[in-house]
Amino acid sequence: MKIYQTSDIRNIALVGGAKAGKTTMAEAMAFNGGVINRRGTVDGKNTISDYRDIELDRKYSVETTLMYTEFGGKKINILDVPGFADYQGELAAALNVVEAAVVVVNAQSGVEVGTEIANRYAAKLNTPMLFVVNHLDAEKANFDDSVNQLKDFFGSKCTVLQFPVNQGLGFNQVVDIVANKLLTFNGDKMEMSDIPAAFADKAEEMRMALVEEAAAADDELMEKYFENGDLTADELTKALKLAIDKRDLFPILCTSAKENMGVARLLEFIGQNVPAPNEVADAKKTKDGKELKCDAAAPTVAFAFKSSKDKNLGEITYLRLYNGELAESQDVINSVNQSKERVSQVLVCSGKDRQRVEKAVAGDIVCTIKLKDVKINHTLTTPKNTDDVVSEIEFPTPIYQVAVKAANSNDDEKVGAALKDLATYDRSLSLENSRELRQVILGTQGELHLNTVKWYFENQYKLAVNFTAPNIPYRETITKSAEAMYRHKKQSGGSGQFGEVHMLIEPYYDGMPNQTKYPIRDTQEYPLEWGGKLVFNNCIVGGSIDARFMPAILKGIMEKMEQGPLTGSYARDIVVNIYDGKMHPVDSNETAFKIAGRTAFREAFKLAAPKIKEPIYDVAVTVPTESQGGVMTDLQGRRAMVLGMDAEGKYTTLRAKAPLAEMNRYCTALSSLTSGRGTFTMTFSSYELVPTDVQQALLKAYEEAANEEE
Ligand SMILES: Nc1nc2c(ncn2[C@@H]2O[C@H](COP(=O)(O)OP(=O)(O)OP(=O)(O)O)[C@@H](O)[C@H]2O)c(=O)[nH]1
Ligand SMILES: [Mg+2]
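In this text the structure is predicted, and so the values were computed from the model without any measurement. (Residues numbered from 1 in each chain as written. Chains lettered and ligands numbered in written order. Predicted model: local features only at pLDDT ≥ 70, side-chain atom pairs only at ≥ 80, totals over all residues. Heavy atoms only, no water.)

*Asks:* Explain a negative patch on the surface to me, and be specific about the residues and the numbers.
*Replies:* A contiguous patch of negative charge, built from Asp219, Glu220, Glu223 and Glu227, is present on the exposed surface. Its place among the elements puts Glu223 in helix 7 (residues 219-228). Taking relative accessible area as the criterion, Glu223 reaches 53% and is therefore assigned exposed. (Patch = residues over 30% accessible without salt bridge, like charges linked within 9 Å, V, L, I, M, F, W, Y side chains within 5 Å. Areas by Shrake-Rupley, 256 points an atom, 1.4 Å probe, with all protein chains shown as cover. Salt bridge = Lys/Arg side-chain N within 4 Å of Asp/Glu carboxyl O. Lys, Arg positive; Asp, Glu negative; His and termini not counted. Charge placed at Lys NZ, Arg CZ, Asp CG, Glu CD. Helix = DSSP H or I, 4+ residues; strand = E, 2+ residues; numbered from the N terminus. Buried < 20%, exposed > 50% of the residue type's maximum accessible area, 1.4 Å probe, protein only.)

Structure representation (structure tokens):
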């Protein structure tokens, strides 16, 4: 394969709603460029892009596929991104490394959830967008409806550059405003002819509006437009390219990917109007804010935006070049961890087929294998420019947590390794080994994402795994003062054990004066790892307990604080005053006082009106305004307190405080209440007392679980 120079490279991501036809489009693109000589279909399980076992099984995309086509002397790198919302981690990564998002819209359904998500990421990353209204051959295709929705959702920058003449069954013609021609499709061929009289006026009107709009992207072009009242084809292309790059204009084009209609023209359009990697106004930046201008003569900067594991090849690292060249056998430095790496091969990808090339040039997207320690978000440079660390991809925060456990404890290690693997290659998963909950918690983007993980366990790792709701990190505390004493006395053979502790415990609150009914001789304040405080006061007078036993008593109390008396949860916010006790001249030791301290604390705790506290989260739920009522009712059913709401455009954001215990699987409920359009964020707010009925239920459940264990 020839080595393409930066100005002849275009990078696009096919994004948008699930099943909009992205993979089918990618296939047609490869076909039109002669990369393949037969178009596969998703249903026929023979596309370049949906090649992974899970994709063949499910018949939809799960991961982004890197492929390419060659068209009009240009290499167009294509990232075919899955459309389901649960795979938006793939979307985040893809839109970071391309010059344009080609948003595929199903003409039968218009703007879908996936269209909106794609737009959201593109806006955040300042990625230019093109809309392609696909499925125009389908009986229920409605181009005008789709366009109206696009304008409605994404504003007046959405500009029709092509419209279908005969959408629906029998579709084969499109009027192209930029080419100023009628396009007629016949099999895989396209003919251009003059626009028929019936559409000539409409097309001319649209073309003039487009010329005016596009000319606004550049002062010089604007002047020319004023002078001549029009732009030449070349000037219009220049203007369009600038306007698209600046996100001043989102073109709308027409296709039937399935019938390969309009796809060749789309490729030509991309080649002419999407900026080359070194032409973009908003260049990629390093962490220090330095612009990476895709200069082939500069030292190498290659950014790992994706990695995966191949059965035969091991780890595959996908790299986007932001400067310089990357050649076979080149030595590079991982500028994130400073490790030395050798790039043994540079591979051009077409799905699972990879072709060795001698080198790649700035702007290109390639992959390599056998790197030692290069992970997603790492940068490869030369020893001269290790300061160049490309700013990281921000992956979406997981919103659906589950506890994961091997069904058979012999598999614990294997399951742990598999989870680690999954979270390494999919950064929109999170993994936490929670000491507190005594569970391994996996965070996913939703039910479908979790099902994907389950699929891997079942079919790839072949491990039986149980997924359950995560435990809730409750806290225990007391609400009134109480006193208790405990004497630990044991006589076994020779030396015995003796320790007696009397204590008064009180609820602690921030800013409370440190005084109690007993004189305090010494006070220690311990901020607890799990939040809240323990204040430990030594109020012993007359030496009834030696100061040297105090640490042992504290240790005993701490043990009980770590596994609270009510439900085994962490206890917090308690003042303990040790005011009396007894020692034995021979039998008193640290163990005895630890036990006495622990037991006295447990007894006092029970008498001090103990309460369970639960974590409360600040929840912000953004939903289409029409579903706001249902979402609010649902939140109230979750014991949430709705604090307010703000409307923005078609959406309303509800702000609430909600107990974590009620938010399990919230993303699934929200999805069904809003047809998948709702989003939410949750951040920890505080610990609050649970209502009495909830406390009763929790105590009962803990007791039952304890009995079961016995
Ligand atoms: N009639 C018609 N069907 C199409 C067209 N494009 C795609 N399809 C069909 O729509 C279905 C989904 O197509 P895909 O290419 O898998 O869609 P996708 O956008 O890649 O889907 P995800 O990867 O799941 O987001 C398949 O059955 C395709 O054959 C089209 O232009 N016309
Ligand atoms: Mg797909």
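*Asks:* Explain the domain arrangement of the protein to me, and be specific about the residues and the numbers.
*Replies:* If you check the domain split of the protein, you get domain 1 (6-206 + 249-273), domain 2 (284-385), domain 3 (402-466), domain 4 (476-608) and domain 5 (612-693). Averaged C-alpha coordinates put domain 1 and domain 5 at centres separated by 36 Å. Taken residue by residue, the interface counts seven residues in domain 1 and six residues in domain 5. Carbon and sulfur atoms supply 45% of the area buried between domain 1 and domain 5, which totals about 500 Å² over both sides. (Domains from an automatic or database assignment. Contact = heavy atoms within 4.5 Å. Buried area = accessible area lost by both parts, 1.4 Å probe.)

*Asks:* Account for the pattern of salt bridges, with residues named and values stated.
*Replies:* Applying the stated criterion across every chain, the model contains 46 salt bridges. One salt bridge connects Arg665 with Glu447, and the closest N-O pair in it is separated by 3.4 Å. Of the two residues, Arg665 sits in the loop between strand 37 (651-659) and helix 15 (666-673) while Glu447 sits in helix 11 (residues 447-461), which places them 218 residues apart along the sequence.

*Asks:* Outline the packing of aromatic side chains, listing residues and values.
*Replies:* For the coordinates displayed, the defined rule picks out 19 aromatic pairs. Ring geometry for Phe684 and Tyr687: centres 5.5 Å apart, planes at 55 degrees, overall tilted. Feature note: the residues Phe131, Phe153, Phe154 and Phe250 constitute an aromatic cluster, connected by ring pairs. The residue whose ring lies beneath Lys202 is Phe163, and the NZ or CZ to ring-centre distance is 3.9 Å. Directly above the aromatic system of Tyr318 lies the positively charged group of Lys306, at a separation of 6.0 Å from the ring centroid. (Phe/Tyr/Trp six-rings, centres within 6.5 Å; stacked < 30°, edge-to-face > 60°. Lys NZ or Arg CZ within 6 Å of the ring centre and 35° of its normal.)

*Asks:* Any details on the pairing of strand 22 (residues 365-369)? Residues and values, ideally.
*Replies:* Taken across its five residues, strand 22 has five buried, putting it largely inside the fold. Along strand 22, one buried face is formed by Ile365, Cys367 and Ile369 and the opposite face, lined by Val366 and Thr368, is buried too. One ladder, built from five bridges, connects strand 15 (residues 314-323) with strand 22; its direction is antiparallel. Of the residues in strand 22, the one forming a bridge with Ile316 is Ile369. (Pairing = 2+ DSSP bridges.)

*Asks:* Outline the nonpolar core, listing residues and values.
*Replies:* If you look at the biggest cluster of nonpolar residues, it comprises 110 residues, and the most contacted ones within it are Met29, Leu130 and Phe131. In terms of domain composition, this core takes at least three residues from each of domain 1 (6-206 + 249-273) and domain 2 (284-385). If we ignore the near neighbours within four places in the chain, the residues touching Leu130 are Ala100, Ala101, Val102, Val103, Ile244, Pro251, Leu253, Leu266, Phe269, Ile270 and Val274. Ranked by size, the runner-up nonpolar core spans 76 residues in total, among them Leu422, Leu450, Leu463 and Ala571. (Core = buried A, V, L, I, M, F, W, Y, C linked by side-chain atoms within 4.5 Å.)

*Asks:* So what's going on with the site of ligand 1? Which residues, and what values?
*Replies:* Residues in contact with ligand 1 amount to 20 residues; listed here are only the nearest, Gly21, Lys22, Thr24, Ser61 and Asp137. The side chain of Thr23 places a nitrogen or oxygen atom 2.8 Å from an oxygen atom of ligand 1. In this structure, Ser61 approaches ligand 1 through a side-chain N or O atom, which is 2.8 Å from an oxygen atom. Expressed as a share of its isolated accessible area of 650 Å², the protein-covered part of ligand 1 is 90%. Of all the elements, helix 1 (residues 22-32) adds the most residues to the shell around ligand 1, at three residues. When its residues are assigned to classes, the shell around ligand 1 shows six nonpolar, nine polar and five charged. (Near = heavy atom within 4 Å. Polar contact = N/O pair within 3.5 Å; in protein donor to acceptor, adjacent residues only side chain to side chain. Nonpolar A, V, L, I, M, F, W, Y, C, P; charged D, E, K, R; others polar.)

*Asks:* Please give an account of the sheet that holds strand 31 (residues 522-527) that cites residues and values.
*Replies:* One open sheet accounts for five strands, arranged 29-30-34-32-31; its pairing is mixed. Looking at the sheet topology across the chains shown, the edges are occupied by strand 29 (482-491) and strand 31. The sheet shows a mean angle of 20 degrees between the axes of neighbouring strands, taken without regard to direction. Looking at chain direction, strand 31 and strand 32 (residues 533-538) are connected through six bridges and run antiparallel. (Axes fitted to C-alpha atoms, helices over the stretch in contact; angles between N-to-C directions.)

*Asks:* Can you break down the side chain of Glu476 residue by residue, with the values?
*Replies:* In this structure, Glu476 sits in strand 28 (residues 475-478). Look at Glu476: it is buried, it has no salt bridge, and the nearest opposite charge is Lys560 at 8.0 Å. Side-chain polar atoms of Glu476 contact the backbone nitrogen of Leu566, separated by 2.8 Å. Sequence-distant contacts of Glu476, that is, excluding residues within four places in its chain, are made with Gly564, Pro565, Leu566, Thr567, Gly568, Ser569, Tyr570, Ala571, Arg572, Phe605 and Lys611.

*Asks:* Now, about helix 15: what can you tell me, with residues and values included?
*Replies:* Burial in helix 15 covers these residues: Tyr666, Cys667, Ala669 and Leu670. Relative to the axis of helix 15, the buried residues are bounded by an arc of 160 degrees and lie together on one face. The inward-facing, buried residues of helix 15 abut strand 24 (400-406), strand 35 (610-624), helix 14 (628-637) and strand 38 (679-689). Positive phi appears at Ser675, one or two residues downstream of helix 15, with a value of about 50 degrees. (Arc of directions from axis to C-beta.)

*Asks:* Requested: an account of helix 9 (residues 263-273), with residues and values cited.
*Replies:* Buried residues dominate helix 9, accounting for eight of its eleven residues. Among the residues of helix 9, those classed as buried are Val263, Arg265, Leu266, Leu267, Phe269, Ile270, Gly271 and Asn273.

*Asks:* Explain the coordination of the magnesium ion (ligand 2) to me, using residue names and the numbers behind them.
*Replies:* Note on the magnesium ion (ligand 2): its protein donors are Thr23 (OG1) and Ser61 (OG). The metal-donor distances range over 2.0 Å. Taken together, the residues Thr23 in helix 1 and Ser61 in the loop between helix 2 (53-58) and strand 2 (65-71) connect sequence positions 38 residues apart. Exposure class is identical for Thr23 and Ser61. Each is buried. (Donors = N, O, S within 2.8 Å, 3.2 Å for Na, K, Ca; no water.)

*Asks:* For the pairing of strand 30 (residues 496-507), give the residues involved together with the corresponding values.
*Replies:* Of all the twelve residues making up strand 30, ten are buried; the element is thus mostly covered by neighbouring parts of the structure. As paired strands, strand 29 and strand 30 are joined by ten bridges and run antiparallel to one another. Residue pairing across strands places Glu483 opposite Leu504, the latter belonging to strand 30. Bridging between strand 30 and strand 34 (residues 574-582) involves eight bridges; their strand directions are antiparallel.

*Asks:* Tell me about the environment of Ala362, and name the residues and values.
*Replies:* Positionally, Ala362 belongs in the loop between strand 21 (359-361) and strand 22. With 184 residues separating them along the chain, Ala362 and Val178 place their C-alpha atoms 30 Å apart. The contact partners of Ala362, leaving out residues within four places of it in the chain, are Thr6, Ile9, Cys294, Asp295, Ala296, Leu321, Asn323 and Gly324.

*Asks:* Give a detailed account of the side chain of Ser61, specifying residues and quantitative values.
*Replies:* On the basis of relative accessible area, Ser61 is assigned to the buried category, the value being 9%. A polar side-chain atom of Ser61 sits 2.8 Å from a polar atom in the side chain of Thr23. Here the side chain of Ser61 touches Asp50 through a polar contact of 2.6 Å, side chain to side chain.

*Asks:* Mind laying out the sheet that holds strand 6 (residues 158-160), listing which residues take part and the relevant values?
*Replies:* Working definition: the strands of a sheet are paired by backbone hydrogen bonds and lie parallel or antiparallel to each other. As summarised here, the arrangement of the seven strands in space is 2-3-1-4-5-11-6, forming an open sheet in which the pairing is mixed. With one partner strand each, in any of the chains shown, strand 2 and strand 6 form the two edges of the open sheet. Between one strand axis and the next, the sheet turns through 30 degrees on average, direction left out of account. As paired strands, strand 6 and strand 11 (residues 250-254) are joined by three bridges and run parallel to one another. If you follow Cys158 over to strand 11, its bridge partner there is Phe250.

*Asks:* With reference to specific residues and values, describe the environment of Val113.
*Replies:* Examined against the element boundaries, Val113 turns out to sit in helix 4 (residues 113-125). Each C-alpha atom, one on Val113 and one on Asp86, is 11 Å from the other, the two residues being 27 residues apart in sequence.

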